[in-house]
Amino acid sequence: MAGNSFGDLFRITTFGESHGKAIGVIIDGCPSNIEIDELFIQSELDKRKPGQSKITTQRKESDTAQILSGTFEGKSTGTPISIIIPNEDQRSKDYSHISDKYRPSHADYTYQMKYGIRDYRGGGRSSARETAARVAAGAVAKLFLKQEGIELFAHVSGVGEIEAPNVDSTDLNALLETREANIARCADPATANEMIDYIDNTIRKNGDTVGGRISAIVRGVPAGLGEPVFDRLHAEIGKAMLSINAVHGFEYGSGFEGSKLKGSEHNDIFTTENNKVVTKTNFSGGIQGGISNGMDITFKVAFKPVATIMRDQDTLNQSGEETTISGKGRHDPCVVPRAVIIVEAMAALVIADQLLKQRAYTK
Ligand SMILES: Cc1cc2nc3c(=O)[nH]c(=O)nc-3n(C[C@H](O)[C@H](O)[C@H](O)COP(=O)(O)O)c2cc1C
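Residues numbered from 1 in each chain as written. Predicted model: local features only at pLDDT ≥ 70, side-chain atom pairs only at ≥ 80, totals over all residues. Heavy atoms only, no water.

## A short note on the pattern of salt bridges
One pass over the full model with this rule turns up 26 salt bridges. Here K142 ties to E344 by a salt bridge, and the two come within 2.5 Å at their closest N and O atoms. Of this pair, K142 sits in helix α3 (residues 131–147) while E344 sits in helix α9 (residues 336–361), and the two are 202 residues apart along the sequence. A salt bridge links D332 to R338; the nearest nitrogen and oxygen atoms lie 2.6 Å apart. The two residues D332 and R338 agree in class, both being buried. (Salt bridge = Lys/Arg side-chain N within 4 Å of Asp/Glu carboxyl O. Helix = DSSP H or I, 4+ residues; strand = E, 2+ residues; numbered from the N terminus. Buried < 20%, exposed > 50% of the residue type's maximum accessible area, 1.4 Å probe, protein only.)

Shown next as C-alpha coordinates:
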(Lines give C-alpha, C1' and ligand atoms only; values in the text may rest on other atoms or scores of the structure.)
Protein backbone atom coordinates (compact mmCIF):
# COMPACT_ATOMS: atom_id res chain seq x y z
CA MET A 1 0.00 0.00 0.00
CA ALA A 2 2.74 2.44 0.89
CA GLY A 3 4.62 1.71 -2.29
CA ASN A 4 7.42 -0.43 -0.90
CA SER A 5 6.28 -3.71 -2.45
CA PHE A 6 6.37 -4.84 -6.08
CA GLY A 7 4.81 -7.82 -7.87
CA ASP A 8 1.79 -9.93 -6.98
CA LEU A 9 2.85 -13.58 -6.87
CA PHE A 10 6.63 -13.16 -6.98
CA ARG A 11 6.46 -10.26 -4.55
CA ILE A 12 9.24 -8.19 -3.07
CA THR A 13 9.23 -5.63 -0.26
CA THR A 14 12.34 -3.50 0.19
CA PHE A 15 13.31 -1.57 3.32
CA GLY A 16 16.08 0.71 4.55
CA GLU A 17 17.69 4.07 3.97
CA SER A 18 21.02 5.27 2.65
CA HIS A 19 22.49 5.97 6.10
CA GLY A 20 20.55 3.54 8.29
CA LYS A 21 22.00 0.29 9.60
CA ALA A 22 21.14 -1.77 6.54
CA ILE A 23 18.93 -2.05 3.53
CA GLY A 24 17.18 -5.24 2.55
CA VAL A 25 14.42 -7.12 0.83
CA ILE A 26 11.87 -9.79 1.57
CA ILE A 27 10.96 -11.98 -1.39
CA ASP A 28 7.63 -13.68 -0.85
CA GLY A 29 6.41 -16.19 -3.41
CA CYS A 30 9.68 -17.47 -4.85
CA PRO A 31 8.94 -21.07 -5.91
CA SER A 32 10.63 -23.83 -3.90
CA ASN A 33 13.62 -25.85 -5.09
CA ILE A 34 15.30 -23.00 -6.97
CA GLU A 35 19.11 -23.17 -6.66
CA ILE A 36 19.98 -20.04 -4.66
CA ASP A 37 23.55 -19.38 -5.73
CA GLU A 38 24.87 -16.86 -3.20
CA LEU A 39 27.99 -16.16 -5.26
CA PHE A 40 25.78 -15.19 -8.20
CA ILE A 41 23.71 -12.85 -6.00
CA GLN A 42 26.93 -11.24 -4.77
CA SER A 43 28.35 -10.90 -8.29
CA GLU A 44 25.17 -9.08 -9.33
CA LEU A 45 25.47 -6.70 -6.37
CA ASP A 46 29.11 -6.06 -7.25
CA LYS A 47 28.00 -4.70 -10.62
CA ARG A 48 25.80 -2.07 -8.89
CA LYS A 49 27.98 -1.22 -5.93
CA PRO A 50 29.50 2.24 -5.59
CA GLY A 51 33.24 2.85 -5.85
CA GLN A 52 33.74 0.23 -8.57
CA SER A 53 35.50 2.49 -11.10
CA LYS A 54 36.72 6.03 -11.79
CA ILE A 55 33.40 6.91 -13.46
CA THR A 56 31.17 6.02 -10.48
CA THR A 57 30.72 7.60 -7.04
CA GLN A 58 33.69 7.03 -4.73
CA ARG A 59 31.48 6.00 -1.79
CA LYS A 60 32.91 2.63 -0.73
CA GLU A 61 30.41 -0.08 0.14
CA SER A 62 31.17 -3.79 -0.12
CA ASP A 63 27.41 -4.42 -0.46
CA THR A 64 27.77 -7.86 1.08
CA ALA A 65 24.45 -9.71 1.02
CA GLN A 66 23.39 -11.89 3.92
CA ILE A 67 20.52 -14.31 3.38
CA LEU A 68 18.59 -14.61 6.64
CA SER A 69 15.78 -16.98 5.70
CA GLY A 70 13.99 -18.99 3.04
CA THR A 71 16.76 -21.29 1.87
CA PHE A 72 17.94 -24.76 2.92
CA GLU A 73 20.97 -26.58 1.57
CA GLY A 74 21.34 -24.03 -1.22
CA LYS A 75 17.74 -24.16 -2.43
CA SER A 76 14.66 -22.02 -1.90
CA THR A 77 12.14 -23.59 0.46
CA GLY A 78 9.07 -21.67 -0.76
CA THR A 79 9.08 -19.53 2.40
CA PRO A 80 9.99 -15.80 2.50
CA ILE A 81 13.59 -15.19 1.49
CA SER A 82 15.00 -12.22 3.38
CA ILE A 83 18.27 -10.61 2.42
CA ILE A 84 20.04 -7.75 4.19
CA ILE A 85 22.92 -5.60 3.00
CA PRO A 86 24.57 -3.64 5.84
CA ASN A 87 25.49 0.00 5.17
CA GLU A 88 29.17 0.62 5.85
CA ASP A 89 30.48 3.94 4.48
CA GLN A 90 28.09 6.43 6.06
CA ARG A 91 29.74 9.82 6.22
CA SER A 92 26.56 11.45 7.45
CA LYS A 93 28.33 14.72 8.21
CA ASP A 94 28.97 15.07 4.46
CA TYR A 95 25.27 15.94 4.27
CA SER A 96 24.91 18.44 7.15
CA HIS A 97 25.10 21.30 4.60
CA ILE A 98 21.78 20.14 3.07
CA SER A 99 19.92 19.36 6.30
CA ASP A 100 17.51 22.29 5.84
CA LYS A 101 18.03 23.00 2.13
CA TYR A 102 16.32 21.50 -0.87
CA ARG A 103 18.66 20.08 -3.51
CA PRO A 104 17.37 21.17 -6.94
CA SER A 105 15.82 18.26 -8.89
CA HIS A 106 16.31 15.82 -6.00
CA ALA A 107 13.57 14.45 -3.72
CA ASP A 108 14.18 16.64 -0.64
CA TYR A 109 11.26 19.04 -1.15
CA THR A 110 8.74 16.39 -2.16
CA TYR A 111 9.63 14.05 0.73
CA GLN A 112 9.32 16.99 3.16
CA MET A 113 5.91 17.94 1.72
CA LYS A 114 4.63 14.36 1.81
CA TYR A 115 5.89 13.13 5.20
CA GLY A 116 6.66 16.34 7.15
CA ILE A 117 9.98 14.75 8.14
CA ARG A 118 12.97 13.70 6.10
CA ASP A 119 16.19 11.79 6.64
CA TYR A 120 18.49 14.12 4.72
CA ARG A 121 21.57 11.87 5.13
CA GLY A 122 22.34 10.68 1.61
CA GLY A 123 18.73 11.27 0.62
CA GLY A 124 17.38 8.64 3.06
CA ARG A 125 14.89 6.35 1.37
CA SER A 126 15.00 8.37 -1.86
CA SER A 127 18.63 7.34 -2.33
CA ALA A 128 19.38 4.86 -5.10
CA ARG A 129 21.01 2.79 -2.38
CA GLU A 130 17.58 1.14 -2.10
CA THR A 131 18.15 -0.35 -5.54
CA ALA A 132 20.80 -2.71 -4.10
CA ALA A 133 17.90 -4.56 -2.44
CA ARG A 134 16.15 -4.80 -5.83
CA VAL A 135 19.32 -6.16 -7.43
CA ALA A 136 19.54 -8.89 -4.74
CA ALA A 137 15.88 -9.82 -5.33
CA GLY A 138 16.35 -9.60 -9.09
CA ALA A 139 19.25 -12.04 -8.83
CA VAL A 140 16.93 -14.56 -7.16
CA ALA A 141 14.34 -13.97 -9.92
CA LYS A 142 17.08 -14.51 -12.53
CA LEU A 143 17.99 -17.85 -10.92
CA PHE A 144 14.33 -18.88 -11.22
CA LEU A 145 14.13 -17.66 -14.83
CA LYS A 146 17.36 -19.47 -15.73
CA GLN A 147 15.69 -22.76 -14.81
CA GLU A 148 12.90 -21.75 -17.21
CA GLY A 149 15.36 -21.03 -20.06
CA ILE A 150 14.88 -17.25 -19.90
CA GLU A 151 17.90 -14.93 -20.31
CA LEU A 152 18.23 -11.18 -19.77
CA PHE A 153 20.74 -8.71 -21.12
CA ALA A 154 21.04 -4.93 -20.80
CA HIS A 155 23.83 -2.53 -21.67
CA VAL A 156 24.56 1.18 -21.85
CA SER A 157 23.53 2.21 -25.36
CA GLY A 158 23.87 5.96 -24.91
CA VAL A 159 25.57 8.61 -22.75
CA GLY A 160 24.71 12.24 -23.41
CA GLU A 161 24.90 12.71 -27.19
CA ILE A 162 27.00 9.54 -27.64
CA GLU A 163 24.96 6.69 -29.15
CA ALA A 164 26.18 3.10 -29.58
CA PRO A 165 25.37 1.35 -32.87
CA ASN A 166 22.98 -1.61 -32.69
CA VAL A 167 24.89 -4.63 -31.40
CA ASP A 168 24.54 -8.15 -32.80
CA SER A 169 22.40 -9.91 -30.19
CA THR A 170 22.69 -13.49 -31.49
CA ASP A 171 24.74 -14.60 -28.48
CA LEU A 172 23.72 -12.84 -25.28
CA ASN A 173 26.50 -14.48 -23.25
CA ALA A 174 29.14 -13.13 -25.62
CA LEU A 175 27.55 -9.66 -25.38
CA LEU A 176 27.60 -9.89 -21.60
CA GLU A 177 31.33 -10.65 -21.67
CA THR A 178 32.00 -7.68 -23.94
CA ARG A 179 29.89 -5.45 -21.69
CA GLU A 180 31.68 -6.52 -18.51
CA ALA A 181 35.09 -5.93 -20.11
CA ASN A 182 34.64 -2.14 -19.87
CA ILE A 183 33.59 0.18 -17.05
CA ALA A 184 30.94 1.96 -19.15
CA ARG A 185 29.06 -1.39 -19.53
CA CYS A 186 28.51 -0.76 -23.22
CA ALA A 187 28.60 -3.84 -25.47
CA ASP A 188 30.28 -1.87 -28.28
CA PRO A 189 33.94 -1.45 -27.17
CA ALA A 190 34.73 1.57 -29.37
CA THR A 191 31.69 3.48 -28.12
CA ALA A 192 32.51 2.39 -24.56
CA ASN A 193 35.91 4.10 -24.79
CA GLU A 194 34.27 7.27 -26.06
CA MET A 195 31.76 7.20 -23.19
CA ILE A 196 34.44 6.61 -20.54
CA ASP A 197 36.58 9.46 -21.85
CA TYR A 198 33.58 11.82 -21.93
CA ILE A 199 32.32 10.90 -18.44
CA ASP A 200 35.77 11.07 -16.86
CA ASN A 201 37.38 14.00 -18.65
CA THR A 202 34.46 16.27 -19.50
CA ILE A 203 31.74 15.49 -16.96
CA ARG A 204 33.46 14.33 -13.75
CA LYS A 205 36.38 16.78 -13.98
CA ASN A 206 33.90 19.65 -14.34
CA GLY A 207 31.88 18.48 -11.34
CA ASP A 208 28.85 17.87 -13.56
CA THR A 209 26.56 14.93 -14.39
CA VAL A 210 25.18 13.53 -17.65
CA GLY A 211 22.22 11.32 -18.55
CA GLY A 212 22.20 8.10 -20.55
CA ARG A 213 20.24 5.24 -22.01
CA ILE A 214 20.08 1.51 -21.35
CA SER A 215 18.81 -0.99 -23.94
CA ALA A 216 17.59 -4.40 -22.81
CA ILE A 217 16.57 -7.79 -24.21
CA VAL A 218 14.67 -10.61 -22.51
CA ARG A 219 14.99 -13.88 -24.46
CA GLY A 220 13.15 -17.18 -24.09
CA VAL A 221 9.89 -15.78 -22.73
CA PRO A 222 7.09 -18.09 -23.93
CA ALA A 223 4.15 -16.64 -25.84
CA GLY A 224 1.25 -15.82 -23.51
CA LEU A 225 2.67 -13.79 -20.59
CA GLY A 226 0.86 -10.57 -19.63
CA GLU A 227 -2.55 -9.84 -18.11
CA PRO A 228 -4.57 -7.45 -20.25
CA VAL A 229 -6.15 -5.07 -20.09
CA PHE A 230 -4.66 -2.89 -17.35
CA ASP A 231 -1.71 -5.16 -16.59
CA ARG A 232 -0.37 -5.40 -20.12
CA LEU A 233 3.12 -6.85 -20.10
CA HIS A 234 4.74 -3.68 -21.44
CA ALA A 235 2.82 -1.59 -18.89
CA GLU A 236 4.24 -3.79 -16.11
CA ILE A 237 7.78 -3.52 -17.49
CA GLY A 238 7.28 0.23 -17.95
CA LYS A 239 6.16 0.66 -14.34
CA ALA A 240 9.14 -1.38 -13.14
CA MET A 241 11.56 0.79 -15.11
CA LEU A 242 9.94 4.09 -14.18
CA SER A 243 10.18 3.07 -10.51
CA ILE A 244 13.99 3.21 -10.76
CA ASN A 245 15.56 6.42 -9.45
CA ALA A 246 16.34 9.01 -12.11
CA VAL A 247 14.46 7.23 -14.94
CA HIS A 248 12.74 9.74 -17.22
CA GLY A 249 11.79 7.64 -20.21
CA PHE A 250 10.70 4.14 -21.28
CA GLU A 251 9.96 2.71 -24.69
CA TYR A 252 9.55 -0.85 -25.95
CA GLY A 253 9.94 -2.34 -29.40
CA SER A 254 10.16 0.37 -32.03
CA GLY A 255 9.29 3.00 -29.40
CA PHE A 256 9.21 6.67 -30.36
CA GLU A 257 11.16 6.08 -33.59
CA GLY A 258 8.47 3.59 -34.68
CA SER A 259 5.87 6.32 -34.59
CA LYS A 260 7.63 7.87 -37.60
CA LEU A 261 6.99 4.78 -39.77
CA LYS A 262 4.07 3.61 -41.91
CA GLY A 263 2.07 0.47 -41.09
CA SER A 264 3.41 -1.16 -44.24
CA GLU A 265 6.94 -0.68 -42.89
CA HIS A 266 6.15 -1.50 -39.29
CA ASN A 267 4.00 -4.66 -39.37
CA ASP A 268 5.79 -7.77 -38.10
CA ILE A 269 5.05 -10.52 -40.62
CA PHE A 270 4.44 -14.00 -39.17
CA THR A 271 6.39 -16.98 -40.44
CA THR A 272 7.62 -20.29 -39.00
CA GLU A 273 11.13 -21.29 -38.03
CA ASN A 274 11.86 -24.82 -36.78
CA ASN A 275 8.10 -25.39 -36.41
CA LYS A 276 7.79 -22.33 -34.18
CA VAL A 277 5.75 -19.21 -34.98
CA VAL A 278 8.07 -16.21 -35.22
CA THR A 279 7.93 -12.79 -36.85
CA LYS A 280 10.30 -11.62 -39.59
CA THR A 281 10.87 -8.30 -37.84
CA ASN A 282 10.33 -7.38 -34.20
CA PHE A 283 9.02 -3.81 -34.11
CA SER A 284 6.49 -5.07 -31.54
CA GLY A 285 9.34 -5.73 -29.09
CA GLY A 286 8.02 -9.21 -28.35
CA ILE A 287 4.66 -7.96 -27.04
CA GLN A 288 1.31 -7.69 -28.85
CA GLY A 289 -1.93 -6.79 -27.13
CA GLY A 290 -0.04 -6.68 -23.85
CA ILE A 291 0.91 -10.38 -24.20
CA SER A 292 4.32 -11.83 -25.05
CA ASN A 293 4.49 -13.40 -28.51
CA GLY A 294 7.63 -15.48 -27.93
CA MET A 295 10.02 -13.10 -29.71
CA ASP A 296 12.74 -11.20 -27.82
CA ILE A 297 11.25 -8.58 -25.50
CA THR A 298 13.17 -5.38 -26.22
CA PHE A 299 12.98 -2.06 -24.43
CA LYS A 300 14.99 1.06 -23.68
CA VAL A 301 15.22 3.20 -20.55
CA ALA A 302 16.36 6.84 -20.35
CA PHE A 303 18.07 8.22 -17.23
CA LYS A 304 18.33 11.93 -16.49
CA PRO A 305 21.60 13.63 -15.50
CA VAL A 306 21.37 13.19 -11.73
CA ALA A 307 20.96 16.16 -9.43
CA THR A 308 24.17 16.25 -7.37
CA ILE A 309 26.66 18.46 -9.16
CA MET A 310 29.86 19.80 -7.62
CA ARG A 311 28.84 23.44 -8.02
CA ASP A 312 27.06 26.15 -6.07
CA GLN A 313 23.37 26.43 -6.99
CA ASP A 314 20.57 28.75 -5.95
CA THR A 315 17.81 27.10 -3.94
CA LEU A 316 15.39 27.54 -1.01
CA ASN A 317 15.70 26.39 2.58
CA GLN A 318 12.90 24.80 4.60
CA SER A 319 11.70 28.23 5.70
CA GLY A 320 11.26 29.24 2.06
CA GLU A 321 14.23 31.63 2.08
CA GLU A 322 16.58 31.95 -0.86
CA THR A 323 19.95 30.39 -0.21
CA THR A 324 22.86 28.70 -1.96
CA ILE A 325 23.66 25.05 -1.86
CA SER A 326 27.21 23.96 -2.49
CA GLY A 327 28.18 20.78 -4.28
CA LYS A 328 29.88 18.53 -1.74
CA GLY A 329 30.13 14.85 -0.96
CA ARG A 330 30.41 11.97 -3.40
CA HIS A 331 28.28 11.52 -6.44
CA ASP A 332 27.84 9.59 -9.69
CA PRO A 333 28.80 11.66 -12.75
CA CYS A 334 26.70 9.27 -14.86
CA VAL A 335 24.58 6.56 -13.27
CA VAL A 336 23.90 4.31 -16.27
CA PRO A 337 26.94 1.98 -15.91
CA ARG A 338 25.69 1.04 -12.42
CA ALA A 339 22.03 1.07 -13.42
CA VAL A 340 22.38 -1.65 -16.08
CA ILE A 341 22.05 -4.34 -13.44
CA ILE A 342 19.08 -2.57 -11.82
CA VAL A 343 17.25 -2.58 -15.17
CA GLU A 344 17.94 -6.30 -15.57
CA ALA A 345 16.82 -6.98 -11.99
CA MET A 346 13.51 -5.14 -12.39
CA ALA A 347 12.84 -6.89 -15.72
CA ALA A 348 13.56 -10.28 -14.11
CA LEU A 349 11.12 -9.50 -11.29
CA VAL A 350 8.35 -8.62 -13.77
CA ILE A 351 8.86 -11.73 -15.89
CA ALA A 352 9.05 -14.02 -12.82
CA ASP A 353 5.78 -12.56 -11.54
CA GLN A 354 4.07 -12.86 -14.93
CA LEU A 355 5.25 -16.45 -15.36
CA LEU A 356 3.67 -17.41 -12.03
CA LYS A 357 0.45 -15.58 -12.98
CA GLN A 358 0.29 -17.38 -16.29
CA ARG A 359 0.48 -20.67 -14.41
CA ALA A 360 -2.14 -19.56 -11.90
CA TYR A 361 -4.74 -18.23 -14.33
CA THR A 362 -4.53 -20.44 -17.42
CA LYS A 363 -4.32 -24.15 -18.01
C1 LIG B 1 22.65 3.88 -9.59
C2 LIG B 1 22.13 5.25 -9.26
C3 LIG B 1 22.96 6.15 -8.58
C4 LIG B 1 22.51 7.44 -8.28
N5 LIG B 1 23.38 8.31 -7.70
C6 LIG B 1 22.99 9.61 -7.52
C7 LIG B 1 23.91 10.60 -7.05
O8 LIG B 1 25.10 10.32 -6.79
N9 LIG B 1 23.44 11.87 -6.87
C10 LIG B 1 22.15 12.21 -7.17
O11 LIG B 1 21.78 13.37 -7.03
N12 LIG B 1 21.27 11.30 -7.62
C13 LIG B 1 21.67 10.02 -7.81
N14 LIG B 1 20.76 9.11 -8.31
C15 LIG B 1 19.39 9.55 -8.62
C16 LIG B 1 18.55 9.86 -7.41
O17 LIG B 1 18.39 8.72 -6.57
C18 LIG B 1 17.18 10.37 -7.89
O19 LIG B 1 17.36 11.34 -8.87
C20 LIG B 1 16.41 11.01 -6.74
O21 LIG B 1 15.99 9.99 -5.85
C22 LIG B 1 15.15 11.76 -7.23
O23 LIG B 1 14.32 10.90 -7.93
P24 LIG B 1 13.90 11.14 -9.45
O25 LIG B 1 15.13 11.61 -10.17
O26 LIG B 1 13.49 9.77 -9.92
O27 LIG B 1 12.81 12.15 -9.48
C28 LIG B 1 21.19 7.82 -8.63
C29 LIG B 1 20.36 6.92 -9.30
C30 LIG B 1 20.82 5.65 -9.64
C31 LIG B 1 19.93 4.71 -10.40
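From this point on, the discussion continues.
## Some details on a negative patch on the surface
Together, E151, D168, D171 and E177 give the surface a local cluster of negative charge. Along the chain, D168 falls in the loop between β9 (162–163) and α4 (172–180). On the accessibility criterion, D168 (58% relative accessible area) is exposed. (Patch = residues over 30% accessible without salt bridge, like charges linked within 9 Å, V, L, I, M, F, W, Y side chains within 5 Å. Areas by Shrake-Rupley, 256 points an atom, 1.4 Å probe, with all protein chains shown as cover. Lys, Arg positive; Asp, Glu negative; His and termini not counted. Charge placed at Lys NZ, Arg CZ, Asp CG, Glu CD.)

## Considerations on the packing of aromatic side chains
With the rule as written, the count across this model stands at 4 aromatic pairs. Judged by centre distance (6.3 Å) and plane angle (10°), the rings of F10 and F144 are stacked. Within this pair, whereas F10 is found in the loop between β1 (5–6) and β2 (11–15), its partner F144 is found in helix α3, the two being separated by 134 residues in sequence. Comparing F10 with F144, the two get one shared label, buried. Both rings, one in Y102 and one in Y109, keep their centres 5.3 Å apart while their planes meet at 80°; by these two values the pair is edge-to-face. Taking NZ or CZ as reference, K114 lies 5.6 Å from the ring centre of Y115, over its face. (Phe/Tyr/Trp six-rings, centres within 6.5 Å; stacked < 30°, edge-to-face > 60°. Lys NZ or Arg CZ within 6 Å of the ring centre and 35° of its normal.)

## Focus: the site of the ligand
As a structural note, the neighbourhood of the ligand is formed by 14 residues, with S126, A246, K304, T308 and D332 the closest of them. In the model, an oxygen atom of the ligand is placed 3.1 Å from a nitrogen or oxygen of the N245 side chain. At a separation of 3.0 Å, an oxygen atom of the ligand approaches a polar backbone atom of A246. Protein contact buries 84% of the 620 Å² of open area that the ligand shows by itself. The residue inventory of the shell around the ligand, partitioned by class, reads 6 nonpolar, 5 polar and 3 charged. (Near = heavy atom within 4 Å. Polar contact = N/O pair within 3.5 Å; in protein donor to acceptor, adjacent residues only side chain to side chain. Nonpolar A, V, L, I, M, F, W, Y, C, P; charged D, E, K, R; others polar.)

## With respect to the sheet that holds strand β3 (residues 22–28)
Pairing is antiparallel in the open sheet, where 5 strands are placed in the order β1-β2-β3-β7-β4. Across the chains shown, the open sheet's two edge strands, defined by having one partner strand only, are β1 and β4 (66–69). Sheet analysis places β3 next to strand β7 (residues 81–86), joined by 6 bridges and oriented antiparallel. Looking at β7, one finds that I26 is bridged to S82. (Pairing = 2+ DSSP bridges.)

## Thoughts on α9
Relative to the 38 Å expected for 26 residues at 1.5 Å per residue, α9 spans 36 Å between its end C-alpha atoms, a close match to the ideal helical length. Counting buried positions along α9 yields 22 of 26 residues, so the element is predominantly enclosed. (Expected span 1.5 Å × (residues − 1).)

## Things to note about the layout of surface pockets
The volume enclosed by the second largest pocket comes to roughly 780 Å³. What lines the second largest pocket is a set of 25 residues, among which N166, S215, G253, T298 and K300 lie closest to the centre. Mapped by element, the contributors of at least two residues to the lining of the second largest pocket are β8 (151–159), β10 (212–219), β11 (247–252), α7 (255–258) and β16 (297–303). Here the residues of the lining of the second largest pocket are counted per class, giving 10 nonpolar, 10 polar and 5 charged. (1 Å grid on protein atoms, 1.4 Å probe; cavity = no way out; pocket = protein on both sides within 12 Å on 5 of 7 lines; lining within 4 Å. Points joined across faces, edges and corners; volume = space filled by probe spheres on them.)

## Quick notes on the packing of helix α6 (residues 233–242) against α9
At a closest axis distance of 9 Å, the pairing of α6 and α9 adopts a crossing angle of 145°. With respect to the hand of their crossing, α6 and α9 are arranged in right-handed fashion. Seen from α6, the contacting residues are L233, E236, I237, A240 and M241; seen from α9, they are V343, M346, A347, V350, I351 and Q354. Among the residues forming the contact of α6 with α9, the class breakdown is 9 nonpolar, 1 polar and 1 charged. (Axes fitted to C-alpha atoms, helices over the stretch in contact; angles between N-to-C directions. Left-handed = near helix turned anticlockwise from the far one by under 90°. Contact = heavy atoms within 4.5 Å.)

## With respect to the sheet that holds β9
Spatially, 5 strands are ordered β9-β8-β10-β16-β11 in an open sheet, and the strand pairing comes out antiparallel. Looking at the sheet topology across the chains shown, the edges are occupied by β9 and β11. Sitting on the sheet, α6 is in contact with β11 and β16, with an inclination near 160° to β11.

## What to know about the side chain of D332
By the element assignment, D332 lies in the loop between β18 (322–325) and α9. Assessed through its relative accessible area of 11%, D332 is described here as buried. Separated by 2.6 Å, the side chains of D332 and R338 make a polar contact. Not counting chain neighbours up to four residues away, the residues in contact with D332 comprise T56, T57, T209, V306 and R338.

## Regarding the packing of helix α1 (residues 38–48) against α3
Taken N-terminus to C-terminus, the directions of α1 and α3 make an angle of 140°; their axes are 9 Å apart at the nearest point. As far as their axial angle goes, α3 and α1 are oblique. As α1 packs across α3, the resulting crossing turns out to be right-handed. Facing F40, I41, E44, L45 and R48 of α1, the residues of α3 in contact are T131, A132, V135, A136, A139, V140, K142 and L143. Looking at the contact of α1 with α3 residue by residue, the class counts come to 9 nonpolar, 1 polar and 3 charged. (Parallel < 35°, antiparallel > 145°, perpendicular 65-115°, else oblique.)

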